[in-house]
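# Chains, contacts and geometry: an overview
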Amino acid sequence: MDAYLKEQKINPTSSEAKALQYDELSIEKEILGTSTYIHDPSYYSGLSTTQKKQWTLRYTTFLSGHWVKNENSTSKYRYFTGDDRGYSTSSSKYRTRADVNVCFCSSGSSAGLSRSVGLTHGYSKKKKFLKKARASANGIYLTNLSLGKSKIQFTLRHAVGNPLVYAPTIDYYVVGTFYKNGRYKLSGSHDHAPHHEVYLKGYNSSSFKTMYKSASNGLLWLAPPYPDVSWSKSNF
């Protein structure tokens, strides 16, 4: 660990060094009211076929600030522009976005991935624009896909880095499990940087609902020595 930090010219503070010894865990369960209990047949009678059987999971990473300083003082790219925003279900400013569309359709069960990566803009020490580039989206993909008649499960994996400099990638994974009866469970783990936001548009809604949010601890936390954050969300 010490060798890696020295090689990457990373000098953690005392509090950051202490944090290297701990992992963070977040567990949340959604409690449904009796009027919308998913096993109540009368509830389903008021929903369309599409509403009963389709979800969209949206996972976005973003940099909240306007300027992001490069911790590597030897790089010609001393600053990058951030996404300059707070949490949002629909903002077009982000580092990466992945949408997983899950459907128990009449033609069969399916799970498809839509992915996109924002531009990275690099600046000099005096904040003079130098270059822009877009990282490959190939590091965002689905694996362990299981398509059953009543259950769909997948793992969304993500490893996307800065296309202008050598730096640790933004890493996360999410295991999604969806049931035809309306139940779902999401669980995953991610770097403690940058900001992470996860939303779900469910079978009975036309808008996204917040599943999980995590604020960045700083880009140093992308480095492998720093602990990941684990989380879980379900409605059962």
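This report concerns the structure included in the present document. (Residues numbered from 1 in each chain as written. Predicted model: local features only at pLDDT ≥ 70, side-chain atom pairs only at ≥ 80, totals over all residues. Heavy atoms only, no water.)

### So, the state of the cysteines
Inspection of every chain in the model, using the stated rule, returns one disulfide. The disulfide partner of Cys 103 is Cys 105, and the gap between their sulfur atoms is 1.9 Å. Between Cys 103 and Cys 105, the S-S dihedral sits near 120°, and the bridge is therefore right-handed. By relative accessible area, which is 10% here, Cys 103 ends up buried. (Disulfide = S-S within 2.5 Å. Buried < 20%, exposed > 50% of the residue type's maximum accessible area, 1.4 Å probe, protein only.)

### Quick look at the pattern of salt bridges
Side-chain pairing between opposite charges can occur once the charged atoms of the two side chains come close. In the structure shown here, the tally under the stated rule is three salt bridges. Residues Arg 58 and Asp 99 are paired through a salt bridge, measuring 2.8 Å at the closest nitrogen-oxygen approach. In this pair, Arg 58 is assigned in strand S2 (residues 54–62) and Asp 99 in strand S5 (residues 96–105), connecting sequence segments 41 residues apart. Look at Arg 58 and you get buried, because its relative accessible area is 14%. With a closest N to O distance of 3.0 Å, Glu 197 and Arg 85 form a salt bridge. Within this pair, whereas Glu 197 is found in strand S13 (residues 195–201), its partner Arg 85 is found in the loop between strand S4 (79–81) and S5, the two being separated by 112 residues in sequence. This pair shows no difference in class: Glu 197 is buried, exactly as Arg 85 is. (Salt bridge = Lys/Arg side-chain N within 4 Å of Asp/Glu carboxyl O. Helix = DSSP H or I, 4+ residues; strand = E, 2+ residues; numbered from the N terminus.)

### So, the sheet that holds strand S6 (residues 108–117)
Spatially, the five strands line up as an open sheet ordered S6-S5-S2-S13-S14, and their pairing is antiparallel. Strands with a single pairing partner mark the edges of an open sheet, and in this sheet they are S6 and strand S14 (209–214). Each strand axis lies, on average, 10° off the axis of its neighbour in the sheet, ignoring direction. Examined bridge by bridge, S13 and S14 share five bridges and lie antiparallel to one another. Across the sheet, Leu 200 pairs through a bridge with Lys 209, a residue of S14. (Pairing = 2+ DSSP bridges. Axes fitted to C-alpha atoms, helices over the stretch in contact; angles between N-to-C directions.)

### Some thoughts on the side chain of Thr 61
Position of Thr 61 relative to the elements: it lies in strand S2. What makes Thr 61 buried here is its relative accessible area of 0%. Excluding its chain neighbours within four sequence positions, the residues that come into contact with Thr 61 are Tyr 94, Arg 95, Thr 96, Ile 170, Tyr 172, Pro 194, His 195 and His 196. (Contact = heavy atoms within 4.5 Å.)

### Quick notes on the pairing of strand S10 (residues 151–160)
Pairing of strand S9 (residues 140–147) with S10 involves six bridges; the strand directions are antiparallel. Looking at the pairing, Leu 142 lines up with Leu 156 of S10. Taking the residues that link successive antiparallel strands as the turn, the S9-S10 hairpin has three residues.

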